[in-house]
Amino acid sequence: MSNTSLERFIGGSPLRVLLRLLFLSFVVGVLLSALDLHPLDLFDGVISFIRHLWTMGFEALGRLGGYFVLGAVVVLPVWLVLRLLSMGRDD
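Residues numbered from 1 in each chain as written. Predicted model: local features only at pLDDT ≥ 70, side-chain atom pairs only at ≥ 80, totals over all residues. Heavy atoms only, no water.

J.: Honestly, the side chain of serine 86 in this entry has me stumped. Any pointers?
T.: Turning to its location among the elements, serine 86 is positioned in helix H4 (residues 58-87). Of the residues examined, serine 86 reaches a relative accessible area of 14% and is grouped as buried. Separated by 3.0 Å, the side chain of serine 86 and the backbone oxygen of arginine 83 make a polar contact. (Helix = DSSP H or I, 4+ residues; strand = E, 2+ residues; numbered from the N terminus. Buried < 20%, exposed > 50% of the residue type's maximum accessible area, 1.4 Å probe, protein only. Polar contact = N/O pair within 3.5 Å; in protein donor to acceptor, adjacent residues only side chain to side chain.)

Structure follows, in C-alpha cells:
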C-alpha cells in the first residue's frame, strides 16, 4: 500500500491522524470521567440491553424505538442547525 493510498484511507498523514486521535481520546476521556462513566460500565450497559432484548422480546422493540426517538430529539436539531450554518458557506 503506497503512502498516498494510506493517507487517503486514514484521512491524512499518519502522524497528524495519530495526534488528532490522541487529543480526541484525551478530551473524551476527561468528559467520560467527569460524567463518572467508565468503559466497562458502557460495555455492561450494551450487554444488559442485548440481554433485555432477548428476554423481553417484542416489548424490547418498543423500548428500542423509544431510544431512537430520544436520540432523534438531540440529533435532528443539531443536524438541522449545522446544515443551516453550512448553507452560507456553499455559495
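J.: Is there a simple way to explain the environment of valine 81 in this structure?
T.: Mapped onto the elements of the fold, valine 81 is located in helix H4. Accessibility expressed as a relative area gives 45% for valine 81, which makes it partly exposed. Sequence separation between valine 81 and histidine 52 is 29 residues; the distance between their C-alpha atoms is 35 Å.

J.: Where do I start with helix H3 (residues 39-56) in this structure?
T.: Each α-helix winds once per 3.6 residues, and so residues spaced three or four apart point in a common direction. With 18 residues, H3 ought to run about 26 Å at 1.5 Å a step, and its terminal C-alpha atoms sit 25 Å apart, in line with that. Backbone geometry just downstream of H3 places glycine 57 in the positive-phi region, at approximately 65°. (Expected span 1.5 Å × (residues − 1).)

Bear in mind that shape data such as this cannot, by itself, settle questions of function.
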